[in-house]
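A structural walkthrough
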Amino acid sequence: MSAAENLGDLLHRNCPNCETDNSDRPALSYSWQEWQLRECGACRFVYLENPPDYADFKVAFAWEKNHGDRKVRMRKEYPLAYGVSKAWRKFYRWAVRKPDKLANRINKWVLPGLVIDVGCGNADRLLSLPAHYETSGIEISKALAEEAGALLATRGGSITNLPAVEGLASYEAGTASGVLMRSFLEHEHKPIELLSHAARVLKPGGVAIIKVPNFSSLNRRIMGSRWCGFRFPGHVNYFTPMSLRTMVADAGLATVGFGFFDRFPFSDNMWMVVRKDV
Ligand SMILES: [Zn+2]
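All values reported here derive from a predicted model rather than from experimental measurement.

1. Some remarks on the domain arrangement of the protein chain
Many authors give the size of an interface as the accessible area that is lost as the parts come together. Assigned domains of the protein chain: these are domain 1 (1-53) and domain 2 (100-221 + 232-275). The C-alpha centroid of domain 2 is placed 24 Å from the C-alpha centroid of domain 1. Counting from both sides, the interface comprises 16 residues of domain 1 and, opposite them, 15 residues of domain 2. Carbon and sulfur atoms supply 69% of the area buried between domain 1 and domain 2, which totals about 1,400 Å² over both sides.

Rendered as structure tokens:
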């Protein structure tokens, strides 16, 4: 059984950034098995054209089970590169002892009040927030949402068991101090719609914190298909610093935290803080 059969129907997407239909353009060489990556002819955005349909409950379930797919694939196809990369990450973590980038940004930018974590998983991030934040999470997986709901209830938090766009749409406008989208936007079929809902639910002065893989990173240029940012079919959007800036601006959010080290070319990821200014 192929991965596509396993995951149900495949969708067709136009460019999520500018809506151009790129189905007549050749797939990028980074494509893998049946998963077709395209570069938009109009705006150059790179995206997965034929993702599985996550509206299907069974698909969401399969996604949970397939989450570790890349590790299995890397270990099988590139055992040496996988081993070296694993050892390097271990050494790097030991040598650098990285600060908690999310917590630092929350402390710096997010005013006391409601914080919504989009794709909150088992609510580990929300549970670690200081007590002056009211916590709420959106999670598509029923099993994770149940686990998160029970844990969050201990601090008065709540869970919405819906896909991200519908989940954010269910919050009242102008109520949130912060929206967290850590390692989420690369999975979202409709990123502009999600960002627009983030802009809608934020209070004036409220911020969204975004972390996504950086398609312009040096590692992607060096590693090519073996870059850790390629995940099939989970990652459906491949942002560059420029396309991320454009998209948040189109959604009505102002970029306030996106310095050189937030989009450091040696890092595989980038971090952005955006604010609702009106
Ligand atoms: Zn486009």
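2. Points about the coordination of the zinc ion
Coordination of the zinc ion by the protein is provided by C15 (SG), C18 (SG), C40 (SG) and C43 (SG), with metal-donor distances spanning 2.2 to 2.3 Å. Each of the four donor atoms around the zinc ion contributes to a set of angles spanning 102 to 118 degrees, which defines the coordination as tetrahedral.

3. Let's talk about helix α5 (residues 101-109)
Along α5, the residues that are buried comprise L102, R105 and I106. Projected down its long axis, α5 carries its buried residues within an arc of 100 degrees, all on one side. Set apart from the buried face of α5 by more than 90 degrees, the exposed residues are N107 and K108. In this structure, the buried residues of α5 make contact with α6 (124-127), β4 (133-138), β6 (176-182), β7 (202-213) and β10 (269-275). Near the N-terminus of α5, the side chain that reaches the backbone nitrogen of L102, with its oxygen 3.2 Å away, is that of D100.

4. A closer look at the sheet that holds strand β9 (residues 254-257)
Within the open sheet, the seven strands sit side by side as β5-β4-β3-β6-β7-β10-β9. Their pairing is mixed. Since the sheet does not close on itself, it has two edges, and those belong to β5 (158-160) and β9, each with one partner. Sheet twist, expressed as the mean angle between neighbouring strand axes with direction ignored, is 25 degrees. Of the strand pairs in this sheet, β4 and β5 are connected by three bridges, and their pairing is parallel. Following the sheet pairing, G137 is matched in β5 by I159. Seen against the sheet, helix α7 (residues 142-153) touches β4 and β5 and runs at an angle of roughly 160 degrees to β5. Contacts from helix α11 (residues 241-250) reach β7, β9 and β10 within the one sheet, and its direction differs from that of β10 by about 20 degrees.

5. Overview of a nonpolar patch on the surface
Together, W88, F91, Y92, W94 and V96 make up a nonpolar patch on the protein surface, roughly 560 Å² of accessible area in all. Residue position: Y92 is located in helix α4 (residues 79-96).

6. Overview of the nonpolar core
In this structure, V118, L168, M181, L185, L194 and I210 are the most contacted members of the largest nonpolar core, which totals 36 residues. Elements with a minimum of two residues in this core: β3 (113-118), α8 (164-169), β6, α9 (191-201), β7, α11 and β10. At five residues, the largest contribution of residues to this core is made by α9. Three or more residues apiece are contributed to this core by two domains, here domain 1 (1-53) and domain 2 (100-221 + 232-275).

Definitions and cut-offs
Residues numbered from 1 in each chain as written. Predicted model: local features only at pLDDT ≥ 70, side-chain atom pairs only at ≥ 80, totals over all residues. Heavy atoms only, no water. Domains from an automatic or database assignment. Contact = heavy atoms within 4.5 Å. Buried area = accessible area lost by both parts, 1.4 Å probe. Donors = N, O, S within 2.8 Å, 3.2 Å for Na, K, Ca; no water. Tetrahedral: all angles 85-135°; square planar, octahedral: opposite > 155°, others 65-115°. Buried < 20%, exposed > 50% of the residue type's maximum accessible area, 1.4 Å probe, protein only. Helix = DSSP H or I, 4+ residues; strand = E, 2+ residues; numbered from the N terminus. Arc of directions from axis to C-beta. Polar contact = N/O pair within 3.5 Å; in protein donor to acceptor, adjacent residues only side chain to side chain. Pairing = 2+ DSSP bridges. Axes fitted to C-alpha atoms, helices over the stretch in contact; angles between N-to-C directions. Patch = residues over 30% accessible without salt bridge, like charges linked within 9 Å, V, L, I, M, F, W, Y side chains within 5 Å. Areas by Shrake-Rupley, 256 points an atom, 1.4 Å probe, with all protein chains shown as cover. Salt bridge = Lys/Arg side-chain N within 4 Å of Asp/Glu carboxyl O. Core = buried A, V, L, I, M, F, W, Y, C linked by side-chain atoms within 4.5 Å.

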